[in-house]
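The primary structure of each chain is shown beneath.
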Amino acid sequence: MTLAALLASAALAGVVELGPASVWLRPGESSAVVESLHAECANEGEDRAGCLLAFMRRAGALPQAVDAARRIGEGKGEPEGWLGTFIEAGRVDFGYA
């Protein structure tokens, strides 16, 4: 597949760009918030995804960060984390969840 075809495919699939606004709680930024998150969402069972996203909103996460968390687990039924680092590197950037 050519790069042009790959990019066209991504556009058709609804791929959304991530950026610095997609980051929530950088590594080591706030362990107290993470502890509260675990305490609040640990027993949510089937709705852990909803709990994580609602918690992020209440904790002041930007809409882009909440959307990134939702996308991290997309297709698996629930978010598995959030974007903690975003590094702009030119044409292809890097993110760590």
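Heads up: these notes are all about the structure in this document. All of these numbers come straight from a predicted model, not from anything done at the bench.

### Some points on the overall build of the protein
Point 1. In terms of helices and strands, the protein carries 4 helices and 2 strands.
Point 2. Mapped from its N terminus to its C terminus, the protein presents α and β elements in the order α-α-α-α-β-β.
Point 3. Relative to its 97 residues, the protein shows a buried fraction of 26%.
Point 4. When contacts within the protein are restricted to residue pairs at least 6 apart in sequence, those whose partners lie at least 24 apart make up 49%.

### Comments concerning the packing of aromatic side chains
Point 1. Evaluation of the coordinates by the stated rule reveals 2 aromatic pairs.
Point 2. Judged by centre distance (6.4 Å) and plane angle (75 degrees), the rings of Trp 24 and Phe 55 are edge-to-face. One end of the pair, Trp 24, is in the loop between α1 (3-12) and α2 (31-41); the other, Phe 55, is in helix α3 (residues 48-58), and 31 residues separate them in sequence.
Point 3. Using a relative accessible area of 9% as the deciding quantity, one classes Phe 55 as buried.
Point 4. When the ring of Trp 24 is compared with that of Trp 82, the centres are 5.0 Å apart and the planes differ by 75 degrees; the resulting orientation is edge-to-face. Of the two residues, Trp 24 sits in the loop between α1 and α2 while Trp 82 sits in the loop between α4 (63-72) and β1 (85-87), which places them 58 residues apart along the sequence.

### Here's the deal with the nonpolar core
Point 1. Counting residues in each nonpolar core, the largest one holds 14 residues, and the members touching the most others are Trp 24, Leu 37, Met 56, Ala 61 and Trp 82.
Point 2. Mapped onto this core, the elements with two or more residues apiece are α2, α3 and α4.
Point 3. Looking at this core element by element, the count peaks at 5 residues for α3.
Point 4. The residues contacting Trp 82, other than those within four sequence positions of it, are Trp 24, Leu 25, Val 34, Leu 37, Leu 52, Met 56, Ala 69, Ile 72, Tyr 96 and Ala 97.

### Details of the environment of Ala 68
Point 1. Structurally, Ala 68 is set in helix α4.
Point 2. According to the relative accessible area criterion, Ala 68 is buried, its value standing at 3%.
Point 3. Placed 14 residues apart in sequence, Ala 68 and Trp 82 show a C-alpha to C-alpha distance of 6.6 Å.
Point 4. In contact with Ala 68, other than residues within four places in its own chain, are Leu 18 and Ser 22.

### Some points on the pattern of salt bridges
Point 1. Applying the stated criterion to the full structure yields 3 salt bridges.
Point 2. Measuring nitrogen to oxygen at the nearest pair gives 2.1 Å for the salt bridge that ties Arg 58 to Glu 40. Note that Arg 58 is positioned in helix α3 and Glu 40 in helix α2, a separation of 18 residues in sequence.
Point 3. Here Arg 58 falls in the exposed class, since its relative accessible area comes to 53%.
Point 4. Exposure remark for Glu 40: the relative accessible area of 35% places this residue in the partly exposed category.
Point 5. Sharing partners across several salt bridges, the network here consists of Asp 67, Arg 70 and Arg 71.

Definitions and cut-offs
- Residues numbered from 1 in each chain as written.
- Predicted model: local features only at pLDDT ≥ 70, side-chain atom pairs only at ≥ 80, totals over all residues.
- Heavy atoms only, no water.
- Helix = DSSP H or I, 4+ residues; strand = E, 2+ residues; numbered from the N terminus.
- Buried < 20%, exposed > 50% of the residue type's maximum accessible area, 1.4 Å probe, protein only.
- Contact = heavy atoms within 4.5 Å.
- Phe/Tyr/Trp six-rings, centres within 6.5 Å; stacked < 30°, edge-to-face > 60°.
- Core = buried A, V, L, I, M, F, W, Y, C linked by side-chain atoms within 4.5 Å.
- Salt bridge = Lys/Arg side-chain N within 4 Å of Asp/Glu carboxyl O.

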